[in-house]
Amino acid sequence: MLDVRKMKKTLINSTICFLVLFSACTEKDSTFLITENSVGALQKTTPVADLETIFNYDSIVRDTMNSKIGASTKKIQIFEKGGQPLLLLTPNRDSVQTFENIQVLDNRYQSEKGISLNSTFKDIQEAYNFKKVVTTLNSIVVFPKGSNLYFTIDKSELPSNLRYTTGKIEAVQIPDAAKIKYLMLGWD
């Protein structure tokens, strides 16, 4: 009887250890994950003042064009230790500043649907439905439905007959192999 109790206890302990280990292994690393409300450790509600804490092992470079004391920073760039650029942040103008726009500079960052700077237009099409496609002088900006993300594709990725057009370019005219130039996230 004593051996059966020991066996049950060992079995229960083994099962618990397995479940803890399994859940730790299947948990997704969010260091470079882009969601609707976060980019890595940076949250939509993160105050600018908390950057030093969040990126304490990285370098934070603020726009030095503002020489007035108390003037708000226009752009903040985050560099990984070693010099690799990670993010370009644009603070909003609220009294408690958070971020209104984030440009992803590192191809390790990836949306929940697997889109990164290494993705192509075909990858974007397979992952998202489009709200609109906007033609600018030098690029095409793709806005997915129901997302704060948007993607810029340089016109040099287009067929030669569309590169210099100022007219509207439709999604069907963008080649599948067109590469993403900018991956951005806009928070209101």
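All values reported here derive from a predicted model rather than from experimental measurement. (Residues numbered from 1 in each chain as written. Predicted model: local features only at pLDDT ≥ 70, side-chain atom pairs only at ≥ 80, totals over all residues. Heavy atoms only, no water.)

Some words on the overall build of the protein
Each helix and strand counted, the protein has three helices and 12 strands in total. Every one of the 188 residues in the protein was classed for burial, and the buried ones make up 36%. Surface exposure of the protein reaches about 12000 Å², of which carbon and sulfur atoms provide 54%. (Helix = DSSP H or I, 4+ residues; strand = E, 2+ residues; numbered from the N terminus. Buried < 20%, exposed > 50% of the residue type's maximum accessible area, 1.4 Å probe, protein only. Areas by Shrake-Rupley, 256 points an atom, 1.4 Å probe, with all protein chains shown as cover.)

What to know about the pairing of strand 6 (residues 85-91)
Counting buried positions along strand 6 gives six out of seven residues, so the element sits mostly inside the fold. Note: strand 5 (residues 76-79) against strand 6, four bridges, orientation antiparallel. Each residue of the ladder has a partner; that of Phe79, found in strand 6, is Pro85. Hairpin remark: strand 5 followed by strand 6, antiparallel, with five residues in the connecting loop; positive phi at Gly82, about 110 degrees. (Pairing = 2+ DSSP bridges.)

Regarding the environment of Asp154
Here Asp154 is to be found in strand 11 (residues 149-154). Spatially, the C-alpha atom of Asp154 lies 4.3 Å from that of Ser139, the residues being 15 residues apart in sequence. If sequence neighbours within four positions are ignored, Asp154 has contacts with Asn138, Ser139 and Lys181. Polar side-chain contacts of Asp154 include one of 2.8 Å to the backbone nitrogen of Ser156. Within the structure, Asp154 has its side chain in polar contact with the side chain of Lys181 (distance 3.0 Å). (Contact = heavy atoms within 4.5 Å. Polar contact = N/O pair within 3.5 Å; in protein donor to acceptor, adjacent residues only side chain to side chain.)

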